[in-house]
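# Notes for the structure review
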Amino acid sequence: MNATNIAVKAMKIADELHNLYLPVADAAQKTNNIVISSSSGAGDNFVFLFTIFVLAVFIGYYVVWSVTPALHSPLMAITNAISSVIIVGALIAAGPEGWNLAKIFGFIAVILASVNIFGGFIVTQRMLQMFRQKR
Amino acid sequence: MSASLTASLYLLSSVCFIMALRGLSSPKSARIGNIYGIAGMVIAVFTTLALPGVISFGMIVLGVLIGGAIGTVIALRIEMTALPQLVAAFHSLVGLSAVFVAGAAFYAPEAYGIGHAGNIKTASLVEMSIGTAIGAITFTGSIIAFGKLQGIVSGRPLVFPGQHLVNLGLGIFLAALVIWLALDESQTAFWLIVIISLLLGILIIVPIGGADMPVVVSMLNSYSGWAAAGIGFTLSNPLLIIVGALVGSSGAILSYIMCKGMNRSFISVILGGFGGEISGSSEGKEDRIVKQGAAADAAFIMEQATTVIIVPGYGMAVAQAQHSLAEMANLLGEKGVEVRYAIHPVAGRMPGHMNVLLAEANVPYENVLELDEINHDFASTEVVFVIGANDTVNPAAKTDKSSAIYGMPVLNVEEAQTTLVVKRSMASGYAGVDNPLFFSDKTMMLFGDAKKMCEDIVKSLQGSQH
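Just so it is clear, the model here is predicted, and its values are computed rather than measured.

### Some remarks on the interface of chain A and chain B
- With 81 residues of chain A at the interface, the matching set in chain B holds 108 residues.
- Regarding the contact of chain A and chain B, the summed buried area is about 8400 Å², with carbon and sulfur atoms giving 78% of it.
- The largest contributions to the chain A side of the interface with chain B come from Met76, Ile86 and Phe131 of chain A, which together make up 8% of the buried area.
- Across the contact surface, chain A and chain B share 20 residue pairs in polar contact (both at pLDDT 80 or more).
- Listed by contribution, the elements that provide at least two residues to the side of chain A that touches chain B are α2 (46–65), α3 (72–83), α4 (87–94) and α5 (101–130) of chain A.
- If you tally residues by element for the side of chain A that touches chain B, the top one is α5 of chain A, at 28 residues.
- In the side of chain A that touches chain B, the residues fall into 54 nonpolar, 21 polar and six charged.

Right under this line is the structure:
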């Protein structure tokens with residue numbers, strides 16, 4: 001008697017477990033699909049880019065604190081020059097064939113960034129050349 | 001070129017930029033640092049030119065030639081005393097190019113792989129609008145800072161009632177526009193973001209007075225970096241993100257150092273309204289006695305001394321007196337006087353401004369010391385020669401709790417046996433605060449143009465050689 005009862009109960013539990021498992025498996029499958037689709041789609045790599053950003057802020061923090069105060073003006077000039085690396089975005093805009101608004105914007109941005117790149121590095125060089133030791 | 005090769009070259013370029021900043025830890029390695037910076041830029045540009053989407057080079061070459069020629073001419077011609085306004089002007093260009101790149105990404109998102117016109121990814125739209133906003137604020141803010149430094153716009157803080165409320169309102173409006181753009185990709189929203197940000201840039205900088213310009217210039221330096229990083233997020237470009245973060249943190253640290261040098265909080269500088277006005281308390285004190293002297297007296301006092309410390313300030317830069325000053329110091333050195341220079345962190349109109357001017361006048365950098373390095377030496381110094389500095393040598397900052405500059409670190413000039421102060425008149429400094437140093441019986445005032453005064457002292461020193 002008891003043994004059959006237990007067997008029946010065990011089968012019921014097994015059924016319930018199976019029923020419980022189905023939605024879980026379904027959810028797991030769905031999650032998997034989402035993960036696959038998101039890793040292949042661009043734009044969802046925000047966390048990846050943000051990681052780079054935060055680490056670069058830390059590098060900047062430690063590197064800049066080690067700059068001697070006497071060279072803070074050249075530091076400003078050179079950071080100004082290197083922030084013109086934004087020219088990368090301008091080149092991509094100005095790069096395609098044909099004419100459209102984006103290309104004109106890119107062209108203007110190339111000019112502006114070039115003023116900065118040449119101006120920034122040259123003025124930094126001029127400043128640094130003046131720092132001399134005792135003769 | 002494969003995508004992974006492109007990414008590797010961008011990484012190499014980023015490393016070069018980090019090395020460029022690292023080089024500035026000492027004047028010896030600094031020139032190599034600049035070469036690293038140039039190398040990083042060359043790698044970045046040529047790697048981009050090799051991208052498959054970049055096929056038409058005519059406009060690019062033309063743009064680089066135009067921009068490069070303008071930049072080269074300006075950089076070669078600029079006087080070192082005008083560096084702060086040059087840097088401010090350059091910051092404005094970074095800001096404006098960020099706006100144009102964002103605009104290009106908005107109208108041609110395919111080129112950057114962030115979707116199609118009318119169907120740009122929401123995340124990209126948010127990043128784009130943030131990059132645009134910071135870029136536009138940097139642009140107009142830097143132009144106002146340039147105007148103030150160049151003397152086109154009054155250095156006085158421009159304040160009006162409800163100013164902070166207006167800025168806050170515009171800020172909230174801007175946030176709403178970013179949401180609108182993200183939801184709707186509306187062209188109207190994009191251009192409204194540009195316009196409101198341009199306006200905010202003006203409004204943020206106009207209330208800030210001339211003396212706070214070192215903070216403003218550093219702050220805009222920081223903004224130009226964050227703008228580049230914002231564009232980097234939009235374009236999913238790690239190089240732009242890394243460089244933006246480096247520049248952004250560099251400017252932030254410089255702003256912090258400048259604020260600390262004035263004992264001001266960053267917030268109080270940004271809120272503005274400080275300096276430029278003569279405080280009413282100085283009236284009625286005009287009858288106090290000051291000891292006046294001539295160039296010949298100053299020459300005599302200094303050549304009798306064994307140690308002299310020179311404290312230069314913005315007045316030296318304005319008068320272009322650095323060369324005559326260095327000549328004076330050299331003559332004193334030939335007479336066996338030990339001459340050193342003491343630089344306050346906020347002397348001049350940008351961080352490190354005085355160091356560059358003294359370097360221009362061939363002063364060896366070992367003789368130029370920072371506040372922390374030299375402040376204990378004043379007590380054992382015979383003569384201090386203050387030229388064009390005022391608030392940075394004001395002892396009231398240490399003793400007078402009612403003073404507007406109370407708590408600001410100052411050079412302990414009053415501890416020296418004798419202080420010579422070169423000044424155009426008895427007008428107060430940029431903080432509008434009275435300086436008790438000028439009325440001390442150990443102080444001799446030398447009224448006149450800083451350059452003329454140095455030249456006259458040089459003549460006296462030369463005369464006494466015969």
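### Description of a nonpolar patch on the surface
- A contiguous nonpolar surface patch, about 930 Å² in accessible area, is contributed by Phe46, Val47, Phe50, Val54, Phe58, Tyr61, Tyr62 and Trp65 of chain A together with Tyr256 of chain B.
- If one sorts the elements of the nonpolar patch by residue count, α2 of chain A sits on top with eight residues.
- Within the fold, Tyr256 of chain B resides in helix α9 (residues 238–262).
- For Tyr256 of chain B, a relative accessible area of 47% gives the class partly exposed.

### What about the environment of Lys459 of chain B?
- When you line up the elements, Lys459 of chain B lands in helix α17 (residues 450–463).
- Lys459 of chain B sits 129 residues away from Asn330 of chain B along the chain, and the two C-alpha atoms are 13 Å apart.

### Some points on the sheet that holds strand β7 (residues 418–423) of chain B
All names here are of chain B.
- With parallel pairing, six strands are arranged side by side in an open sheet as β5-β4-β3-β6-β7-β8. What marks the edges here is a single partner per strand, and that holds for β5 (368–370) and β8 (443–447). On average, adjacent strands in this sheet sit at an angle of 25 degrees to one another, irrespective of strand direction.
- In this sheet, β8 lies alongside β7 in parallel orientation, the contact comprising five bridges. Paired with Thr419 across the bridge in β8 is Thr443.
- Relative to the sheet, helix α11 (residues 295–304) contacts β3 (307–312), β6 (383–387), β7 and β8, its axis offset from that of β7 by approximately 145 degrees.

### Examining the pattern of salt bridges
Residue and element names in this part refer to chain B.
- Under the defined criterion, the tally for this structure stands at seven salt bridges over all chains.
- The partner of Asp456 in a salt bridge is Lys452, with the nearest N and O atoms 3.2 Å apart. Of this pair, Asp456 and Lys452 both sit in helix α17, four residues apart, which is roughly one turn of the helix.
- Among the residues examined, Asp456 registers a relative accessible area of 23% and is labelled partly exposed.
- A relative accessible area of 47% places Lys452 in the partly exposed class.
- Residues Asp456 and Lys459 are paired through a salt bridge, measuring 3.9 Å at the closest nitrogen-oxygen approach. With Asp456 and Lys459 both in helix α17 and three residues apart, this pair spans about one turn of that helix.
- Classification of Lys459 by relative accessible area gives exposed; the value is 57%.
- Within the structure, one salt-bridge network assembled from shared partners comprises Glu338, Arg340 and Asp377.

### Quick look at the side chain of His344 of chain B
- Counting through the fold element by element, His344 of chain B comes out in the loop between β4 (338–343) and α14 (353–360).
- We classify His344 of chain B as buried; its relative accessible area is 2%.

### Remarks on the packing of aromatic side chains
- One pass over the full model with this rule turns up 15 aromatic pairs over all chains.
- Centre to centre, the rings of Trp65 of chain A and Tyr256 of chain B are 6.1 Å apart; their planes meet at 80 degrees, and the pair counts as edge-to-face. Residue Trp65 of chain A is found in helix α2, and its partner Tyr256 of chain B is found in helix α9; the two belong to separate chains.
- Taking the relative accessible area as the measure of exposure, Trp65 of chain A reaches 37% and is therefore partly exposed.
- Of the aromatic side chains, those joined through ring pairs into one cluster are Phe105 of chain A together with Phe100, Phe106, Tyr107, Phe190 and Trp191 of chain B.
- Above the plane of the ring of Trp99 of chain A lies Lys103 of chain A, whose end atom (NZ or CZ) is 5.5 Å from the centre.

Conventions adopted
In every chain, residue numbers begin from 1 and rise along the written sequence. All chains are assigned letters beginning at A, and all ligands numbers beginning at 1, according to the order in which they are written. Two thresholds apply to this predicted model, a pLDDT of at least 70 for residue-level local features and 80 or more for giving and counting side-chain atom pairs, whereas whole-chain, interface and lining totals are computed over all residues. Only hydrogens and water are removed before side-chain values are computed, so all heavy atoms of the structure are retained for them. Should any heavy atoms of two residues lie within 4.5 Å, those residues are considered in contact. Here the buried area means the combined drop in accessible surface, using a 1.4 Å probe, for two parts upon being joined, counting both sides. Any N or O atom pair separated by 3.5 Å or less is treated as a polar contact, with the protein-specific requirement of one donor-capable and one acceptor-capable atom, and with residues adjacent in sequence counted only for side-chain atom pairs. Comment: elements are numbered from the N terminus, with helices defined as DSSP H or I runs of at least four residues and strands as E runs of at least two. The classification used treats Ala, Val, Leu, Ile, Met, Phe, Trp, Tyr, Cys and Pro as nonpolar, Asp, Glu, Lys and Arg as charged, and all other residues, Gly among them, as polar. Patches here are clusters of residues that have more than 30% relative accessible area and form no salt bridge, with a 9 Å joining cutoff for like charges and a 5 Å cutoff for nonpolar side chains (Val, Leu, Ile, Met, Phe, Trp, Tyr). Computed with the Shrake-Rupley method and a 1.4 Å probe, the accessible areas treat only the protein chains shown as cover for residues. In what follows, salt bridge is the name for a side-chain nitrogen of Lys or Arg lying within 4 Å of a carboxyl oxygen of Asp or Glu. Burial status follows relative accessibility: with a 1.4 Å probe on protein chains alone, a residue under 20% of its type maximum counts as buried, one over 50% as exposed, and anything between as partly exposed. Strands were regarded as paired on the criterion that DSSP finds at least two bridges between them. Helix axes use the C-alpha atoms of the stretch in contact, all axes being lines fitted to C-alpha atoms, and the angles between their N-to-C directions lie in the range 0 to 180 degrees. Only Phe, Tyr and Trp rings are paired, with Trp represented by its six-membered ring, and only when their centres lie within 6.5 Å; those with planes under 30 degrees apart are stacked, over 60 edge-to-face, the remainder tilted. The criterion is that NZ of a Lys, or CZ of an Arg, lies within 6 Å of the ring centre and within 35 degrees of the ring normal, and then a charge sits over that ring.

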